[in-house]
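Single-letter residue listing:
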Amino acid sequence: MPTANAEAPVQQPEKVAKKPAVDAKAVIAKYNLLVQQRSPREADWDEAIRYMMPRRIDATGTTTVSEATKAVFDDTAIIANNTLAAGLVSTITPATERWAALESPAAFRDETPDENAQAVRGAWYQDATDILSRAIANSNFHTEIHELHLCRNTICTGAMGVFEGEDSPLVFKHVPPKTFTFTEDNEGRITSFFREMANMTLEQVVRQWGEESLPEKYREKLKSDNPADKQATVRVLHAVEKRMPGSYNPQKIDGANKPYSSAYILIDDKHVLDAGGYDDMPYVVGRFLKWGADQWGYGPGIEALPSVRQLNFIEQHADVAAEIAVFPRVMAPQGMKGKLDLAAAGITFFDPNQPNARPTVWGTEMRPEYLDVRADKKREAVRRLFHNDLFQMLGGR
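Residues numbered from 1 in each chain as written. Predicted model: local features only at pLDDT ≥ 70, side-chain atom pairs only at ≥ 80, totals over all residues. Heavy atoms only, no water.

## Concerning helix 6 (residues 141-155)
For step 1, the next point in the chain: For helix 6, built from 15 residues, the straight-helix expectation of 21 Å at 1.5 Å per residue is met to within 8% by its first-to-last C-alpha distance of 21 Å.
For step 2, the next point in the chain: Among the residues trailing helix 6, C156 stands out with phi positive, at a value near 70 degrees. (Helix = DSSP H or I, 4+ residues; strand = E, 2+ residues; numbered from the N terminus. Expected span 1.5 Å × (residues − 1).)

What follows is the structure in structure tokens.
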């Protein structure tokens, strides 16, 4: 089964009068190093995304549909990815069923064998489960977890943030491909997570952190009568790191003494917008398997990439063969130049006394059925790698 980091906090960083000191240059330097270490994976990710999830071809969403899909000649991988994602959502976190519950730790239950106490405790955890279930049901969880599965199926690593919202107890945020990086400890637990938000507008920054959080040059833009100035975009980095033992006081509850530090930084200005802390890592990372010894995932999208690549190559040539069959090449005498009528029901006149001077079709000897056989084999391989047969069987189809 797919694996995911188990840490799933919900609280916002503490807002305190005296915020933790953050070395923005050091944080950005670490982020840039991790992005550089991620770069060898990105060529495979770009190709997988192009064939399997073209709407995610760029993180900003500025690429048009026609531009994103121009290299896609077969949609088998897109459908297979959607089938797997839908299957994972419906079997692991079904929207119409309760799929998680809270209960007291076993050790705690053993320490208090009194049945009445256990009944009270059980009722408390049942109430807590009901509250949690309603909060999840009323949140955007199901949309965002679906996005996570689609990305994890494709590039085999998916991420999502869990936060407290202004109008909702829980807000989930899927983190798009190539906008994040992270580190792990020796047990595979996430110790730091860096998320780049490359197109936040100044208006969005002000709504989230206040105008006073911005450098003076951006505050001047906000005073402008030109709407474009307020919609100017900046690159914001959210950096969450597990603090080292002894670097904070766990007896205190302010942001500077939370187990995990949090900082929002303007990357190009190396300016800290906000700083605080979390009790737990607010981001979760899911992978099927891991690629070698590093932290990045391996799974259906990367495994299927050779077959998907060949399938698109075959279908591209099949389209060419079909076009030639419908609009064949014509060989005609030089004297008939400009006299051929190739339209539907068109009539072309020639001299019957010169039968060798009539137009002829040529170069149509290809056998496109051979392409169909090869394409069907590749399609079946792609569907198997995306476990479509399993979820179709579970669905009774």
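## Side note on the sheet that holds strand 7 (residues 260-266)
For step 1, the next point in the chain: Strand order across the open sheet formed by 5 strands is 4-5-6-7-8, with antiparallel pairing between neighbours. Edge positions in the open sheet fall to strand 4 (180-184) and strand 8 (271-278), since each of these has one partner strand only. Sheet twist, expressed as the average angle between the axes of neighbouring strands with direction ignored, equals 15 degrees.
For step 2, the next point in the chain: Relative to strand 8, strand 7 runs antiparallel, the two sharing 7 bridges. (Pairing = 2+ DSSP bridges. Axes fitted to C-alpha atoms, helices over the stretch in contact; angles between N-to-C directions.)

## Structural notes on the environment of G255
For step 1, the next point in the chain: For G255, the position within the fold is in the loop between strand 6 (233-242) and strand 7.
For step 2, the next point in the chain: Sequence spacing of G255 and G276 is 21 residues, and the spatial spacing of their C-alpha atoms is 4.3 Å.

## Thoughts on the packing of helix 1 (residues 24-52) against helix 10 (residues 300-326)
For step 1, the next point in the chain: At their nearest, the axes of helix 1 and helix 10 sit 10 Å apart, and the two run at 60 degrees to each other. Between helix 1 and helix 10, the angle falls in the class oblique. Considering how the two elements wind past one another, helix 1 and helix 10 form a crossing that is left-handed. Where helix 1 abuts helix 10, its residues D44, W45, E47, A48, Y51 and M52 lie against G301, I302, L305, V308, R309 and N312.
For step 2, the next point in the chain: Of the residues in the contact of helix 1 with helix 10, the class split is 7 nonpolar, 2 polar and 3 charged. (Parallel < 35°, antiparallel > 145°, perpendicular 65-115°, else oblique. Left-handed = near helix turned anticlockwise from the far one by under 90°. Contact = heavy atoms within 4.5 Å. Nonpolar A, V, L, I, M, F, W, Y, C, P; charged D, E, K, R; others polar.)

## Some remarks on the packing of aromatic side chains
In this description, a pair of aromatic rings is defined by centroid distance and the angle of the planes.
For step 1, the next point in the chain: Applying the stated criterion across every chain yields a total of 13 aromatic pairs.
For step 2, the next point in the chain: Arranged with centres 5.0 Å apart and planes meeting at 80 degrees, the rings of W124 and Y125 form a pair that is edge-to-face.
For step 3, the next point in the chain: Judged by relative accessible area, W124 falls into the exposed class, the value being 55%.
For step 4, the next point in the chain: When the centroid spacing of 4.7 Å and the interplanar angle of 50 degrees are considered together, the rings of W209 and Y264 count as tilted. Here Y264 lies in strand 7 and W209 lies in helix 7 (residues 202-209), a separation of 55 residues in the sequence. (Phe/Tyr/Trp six-rings, centres within 6.5 Å; stacked < 30°, edge-to-face > 60°. Buried < 20%, exposed > 50% of the residue type's maximum accessible area, 1.4 Å probe, protein only.)

## Some points on the pairing of strand 4
For step 1, the next point in the chain: Burial of strand 4 is extensive: 4 of the 5 residues sit out of reach of the surface.
For step 2, the next point in the chain: Judged from the 5 bridges that link them, strand 4 and strand 5 (residues 190-201) form a sheet pairing that is antiparallel. From the neighbouring strand, E184 faces strand 5, where its bridge partner is I190.
For step 3, the next point in the chain: Here strand 4 hands over to strand 5 after 5 residues, with G188 in that stretch at a positive phi of 80 degrees.

## Describing the confidence of the model for the protein
For step 1, the next point in the chain: Per-residue pLDDT for the protein has a mean of 88; in total, 91% of the residues score no lower than 70.
For step 2, the next point in the chain: Below pLDDT 50 for its whole length, residues 1-10 participates in 32 contacts with residues either more than four positions away or in separate chains. (pLDDT = per-residue confidence, 0-100.)

## Re the pattern of salt bridges
If charged atoms from side chains of opposite charge come close, those side chains can pair.
For step 1, the next point in the chain: Under the criterion given, the structure shown has 24 salt bridges.
For step 2, the next point in the chain: We note a salt bridge from K223 to E220, for which the minimum N-O separation is 3.5 Å.
For step 3, the next point in the chain: In this structure K223 comes out as exposed when scored by relative accessible area, which is 58%.
For step 4, the next point in the chain: A salt bridge links D229 to K221; the shortest N-O distance between them is 3.9 Å.
For step 5, the next point in the chain: Among the residues examined, D229 registers a relative accessible area of 18% and is labelled buried.
For step 6, the next point in the chain: Through salt bridges that share partners, D74, E315, D376 and R379 make up one connected network. (Salt bridge = Lys/Arg side-chain N within 4 Å of Asp/Glu carboxyl O.)

## Considerations on helix 7
For step 1, the next point in the chain: Burial in helix 7 covers these residues: L202, V205 and W209. Buried residues of helix 7, seen end-on, are gathered within an arc of 55 degrees and therefore sit on one face of the element.
For step 2, the next point in the chain: Buried residues along helix 7 sit in contact with strand 5, helix 8 (216-222), helix 9 (227-230), strand 6, strand 7 and strand 8.
For step 3, the next point in the chain: Of the residues one or two after helix 7, G210 is the one with positive phi, at around 90 degrees. (Arc of directions from axis to C-beta.)

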